[in-house]
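Spelled out from the first residue to the last, the chains are:
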Amino acid sequence: DAKTTQPTSMDCAEGRAANLPCNHSTISGNEYVYWYRQIHSQGPQYIIHGLKNNETNEMASLIITEDRKSSTLILPHATLRDTAVYYCIVRVTNQAGTALIFGKGTTLSVSS
Amino acid sequence: NAGVTQTPKFQVLKTGQSMTLQCAQDMNHEYMSWYRQDPGMGLRLIHYSVGAGITDQGEVPNGYNVSRSTTEDFPLRLLSAAPSQTSVYFCASRPTGVSSGANVLTFGAGSRLTVL
C-alpha cells in the first residue's frame, strides 16, 4: 500500500468546514483512498472512499486531485461531535490476504 | 444485525494469568482482524484471518494466539498476560472480494484490558 502523510492535528470552529489533507504521492493507478475516523474510546468508523472522482455521502466529501497524489476530506459543517482522529489509507482492492494498516492520523478538534 | 460484538468490555488481569477476548460478527464477513491501541499511538495489527481455518500474523503478534473455527468468531487468547499487554483491543471485520467495498472495515466497540 502507498504511504500516506497527514498533519498531526488541526483545529476547526463549529459550523465551519473542516478540510483534512492527505498526501499519497506514490499512489498507484489501482489504489483507492479510504477515510476512517475514531471518536475517543470508540472503534474506528468508515467515512468514505474514492478512486479518482470526487465522492460525497451523508457524512463527508472526498476531493482527489487530478494527479491523485493528494486528497482532502471535507466535513461541510463541523460539529463538536466531529472531534476525532481521522485516518487516511491508500489501498488496492482484492487484497484478501493482507490487512489494512492504520497510521497515527490527524486529530481534529472542533470548538465552539 | 449486531455488527461486530466484543466481550468483555473491561478486564483486569494479574501478570501470568490467561484469558480470551471474544469477537463475533453476524455479517458473514470472511475477513476478521484484531488491533491494539495504546496511548499516543495508532492502531497496530495483531493477527488477522481471511476465513475459517486460516490465520496470519500482523505487526505485533507476540504474546497472542488466535484461531478461526467458524466464520462468525475470532477469539484472541493471551496465554500469560504481561503488563505490556495493557491496551484497548479492537476487533474488525470486512467482506472480501474485488469491489472497493471489500476494504471497508466494521469495528467492534473495543475491550479495555489492564494487566497488573
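The rules behind these values
Every residue gets a number counted from 1 within its own chain, in the order that chain's sequence is written. Chains and ligands are labelled sequentially in the order written, the chains with letters from A and the ligands with numbers from 1. In view of the model being predicted, local features appear only for residues whose pLDDT reaches at least 70, and side-chain atom pairs are presented and counted only at 80 or more, with totals across whole chains, interfaces and linings using the full set of residues. With hydrogens and water excluded, all non-hydrogen atoms of the structure serve as input to the side-chain values. Pairing between strands is defined by DSSP: at least two bridges between the two strands are required. Helix and strand assignments come from DSSP, with helices taken as H or I runs of at least 4 residues and strands as E runs of at least 2, each series counted from the N terminus. Only the stretch in contact is used when a helix axis is fitted, and all axes are lines through C-alpha atoms; the angle between N-to-C directions ranges over 0 to 180 degrees. Any pair of N or O atoms that falls within 3.5 Å is considered a polar contact. Within protein, one atom must be able to donate a hydrogen and the other to accept it, and sequence-neighbouring residues count only if both atoms are side-chain atoms. Throughout, a residue-residue contact means that at least one pair of heavy atoms, one from each residue, lies within 4.5 Å. Pairing of aromatic side chains requires ring centres within 6.5 Å, counting the rings of Phe and Tyr and the six-membered ring of Trp. Pairs whose planes differ by under 30 degrees are stacked, by over 60 edge-to-face, and all others tilted. The buried label applies to any residue whose accessible area, calculated with a 1.4 Å probe on protein chains only, is under 20% of its type's maximum; exposed applies above 50%, and partly exposed to all values in between. By the criterion adopted, a ring carries a charge over it if an Arg CZ or a Lys NZ lies within 6 Å of its centre and within 35 degrees of its normal.

## Observations regarding the sheet that holds strand β3 (residues 19-25) of chain B
Residue and element names in this part refer to chain B.
Item 1. Read from one edge of the open sheet, four strands run β1-β3-β8-β7, paired in antiparallel fashion. Unpaired on one side and paired on the other, β1 (4-7) and β7 (64-66) mark the two borders of the sheet. Neighbouring strand axes in the sheet, compared pairwise and without regard to direction, differ in orientation by 20° on average.
Item 2. Note that β1 and β3 share four bridges and pair antiparallel. From the neighbouring strand, Val4 faces β3, where its bridge partner is Gln25.

## A word on the side chain of B:Asp38
All names here are of chain B.
Item 1. In this fold, Asp38 is placed in the loop between β4 (31-37) and β5 (43-51).
Item 2. At a separation of 3.0 Å, a polar atom in the side chain of Asp38 contacts the side chain of Arg36.
Item 3. Among the polar contacts made by the side chain of Asp38, one reaches the side chain of Arg44 at a distance of 2.5 Å.
Item 4. Residue contacts for Asp38: discarding those within four places in its chain leaves Arg44, Thr86 and Ser87.

## Focus: the packing of aromatic side chains
The relation between two aromatic rings is expressed through the spacing of the ring centres and the mutual angle of the planes.
Item 1. Inspection of the entire model under this criterion finds 10 aromatic pairs over all chains.
Item 2. Seen in terms of ring centroids, A:Tyr36 and B:Phe107 are 6.5 Å apart; in terms of plane orientation they differ by 80°. Their pairing is edge-to-face. Taken together, the positions of A:Tyr36 in strand β3 (residues 31-38) and B:Phe107 in strand β10 (residues 106-107) put the pair across two chains. Residue A:Tyr36 shares its accessibility class with B:Phe107, and that shared class is buried.
Item 3. Between A:Phe102 and B:Tyr35, the ring centres sit 5.6 Å apart and the planes meet at 90°, which makes this aromatic pair edge-to-face. Of this pair, A:Phe102 sits in the loop between β8 (84-92) and β9 (106-111) while B:Tyr35 is found in strand β4, placing the two residues in two different chains. A single burial state applies to A:Phe102 and to B:Tyr35, both of which are buried.
Item 4. Taken together through their ring pairs, the aromatic side chains of A:Tyr36, A:Tyr46, A:Tyr87, A:Phe102, B:Tyr35 and B:Phe107 make up a single cluster.
Item 5. A cation over an aromatic ring shows up here: B:Arg68 above the ring of B:Phe74, its NZ or CZ 5.9 Å from the ring centre.

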